[in-house]
Amino acid sequence: MDISTLIIIAVLVVVVFYVISVYNRLVALRNRYQNGFAQIEVQLKRRYDLIPNLVETAKAYLSHERETLEAVIAARNGAVDGLKQASQNPGDARSMNLLANAEGALKNAMGRLNVTVEAYPDLKASQNMQQLSEELSSTENKVAFARQAYNDAVTAYNAYRQSFPPVVLAGAFGHGSDAALLEFADSAAIQDAPKVSF
C-alpha cells in the first residue's frame, strides 16, 4: 500500500466516524426533547386528575353554577385528549398546537371557575378547597418548568439539525423536520407564577 491509499482510507474512516457522530447526536437530542415532553405529560396528567376533585368539592357550594362546572370538566377532557395526541408524536407541530389550544380552553374555564368561587366565602375557606388549590398551584409551577425544559431541548435539537453539515445528513437519518415548541396562548403571562385563589 502506498501513502495515497492510506490517506484515502484515513479520510474515509474520519468521514464515517463523523457521520456516525452526527447520527448519534441527532438521536440523543431527539430523545432528550421526547423525555422533556414526557415530563410535561406527567405534570399535566397530575393537574387533570386534580381538576375533578376540585369540581366535586365546589359542587356542594355551587349547585346553581352547574354550567361553569360542566365547562371546566369539558375543557379538562379536551385537554386530556390533546395530551394523548401530543404524547403519540412529541415535537409534531400539529400535535403541539392542538395541545396548546386545549390548554388555553382549560385555562379559560378554570378562570371562570375562580371568579365564581370568589363569590362564595364558605367555599374559599373550605380546608379541602384550600388544599386542592395549593396542589393545583404547585402543579402549575411544575408544568411551567417542564415546558421550559422541553422547549430548551427542542431548541437544541433544531439548532443542531439545522446546522451545517448535520442538515445535509439529517433527512437521510429520519430527522427531516424541526420539532415544534410547546407554546401556550399566554406565553408572556405564563412567566409569572400562577395565582389560584379559592
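As the structure is a computational prediction, the values presented were derived from the model and not from experiment.

**Details of the packing of helix α2 (residues 66–88) against helix α3 (residues 93–118)**
Contact pair α2 / α3: the axes reach a minimum separation of 8 Å and the direction vectors enclose 160°. Relative to α3, the element α2 lies roughly antiparallel. Note that α2 runs across α3; the crossing there is left-handed.

**Quick look at the pattern of salt bridges**
Where charged atoms from two side chains of opposite charge approach closely, those side chains can pair. Tallying each qualifying case throughout the model produces seven salt bridges. Glu-103 is paired through a salt bridge with Arg-47; the nearest N and O atoms lie 2.0 Å apart. In this pair, Glu-103 sits in helix α3 while Arg-47 sits in helix α1 (residues 3–59), placing the two residues 56 residues apart along the sequence.

**Remarks on a nonpolar patch on the surface**
A grouping of Met-1, Ile-3, Leu-6, Ile-7, Ile-9, Val-11, Val-13, Val-15, Val-16, Phe-17 and Ile-20 is seen on the molecular surface, where their side chains present a nonpolar patch of about 1100 Å² in accessible area. With respect to the secondary-structure elements, Ile-9 resides in helix α1.

**A few points about the UniProt feature "coiled-coil region" (unreviewed entry) in the protein chain**
Cross-referencing UniProt, the feature "coiled-coil region" (unreviewed entry) maps to residues 122–149 in the present numbering. As a span, residues 122–149 carries 96% helix and 0% strand, and end to end its C-alpha atoms are 39 Å apart.

**Describing the packing of α1 against helix α5 (residues 127–162)**
Where α1 contacts α5, the two axes come as close as 8 Å, and the packing angle between them is 165°. With respect to α5, the element α1 is oriented roughly antiparallel. In this structure, the crossing between α1 and α5 has a hand that is left-handed.

**Considering the packing of aromatic side chains**
Enumeration over the complete set of coordinates arrives at four aromatic pairs. Aromatic side chains Phe-37 and Tyr-150 sit 5.8 Å apart centroid to centroid with 70° between the ring planes, which places their arrangement in the edge-to-face category. Within this pair, whereas Phe-37 is found in helix α1, its partner Tyr-150 is found in helix α5, the two being separated by 113 residues in sequence. The exposure class of Tyr-150 is buried, given its relative accessible area of 0%. A cation sits over an aromatic face here: Arg-25 above Tyr-160, 4.9 Å from the ring centre.

**Let's talk about the environment of Leu-44**
Within the secondary structure layout, Leu-44 lies in helix α1. Sequence-wise, Leu-44 and Ala-79 are 35 residues apart; in three dimensions their C-alpha atoms are separated by 8.8 Å. When neighbours within four sequence positions are excluded, Leu-44 is seen to be in contact with Leu-83, Leu-99, Glu-103 and Val-143.

Parameters at a glance
- Residues numbered from 1 in each chain as written.
- Predicted model: local features only at pLDDT ≥ 70, side-chain atom pairs only at ≥ 80, totals over all residues.
- Heavy atoms only, no water.
- Axes fitted to C-alpha atoms, helices over the stretch in contact; angles between N-to-C directions.
- Helix = DSSP H or I, 4+ residues; strand = E, 2+ residues; numbered from the N terminus.
- Parallel < 35°, antiparallel > 145°, perpendicular 65-115°, else oblique.
- Left-handed = near helix turned anticlockwise from the far one by under 90°.
- Salt bridge = Lys/Arg side-chain N within 4 Å of Asp/Glu carboxyl O.
- Patch = residues over 30% accessible without salt bridge, like charges linked within 9 Å, V, L, I, M, F, W, Y side chains within 5 Å.
- Areas by Shrake-Rupley, 256 points an atom, 1.4 Å probe, with all protein chains shown as cover.
- UniProt positions renumbered as here; feature names shortened; annotations may be inferred.
- Phe/Tyr/Trp six-rings, centres within 6.5 Å; stacked < 30°, edge-to-face > 60°.
- Buried < 20%, exposed > 50% of the residue type's maximum accessible area, 1.4 Å probe, protein only.
- Lys NZ or Arg CZ within 6 Å of the ring centre and 35° of its normal.
- Contact = heavy atoms within 4.5 Å.

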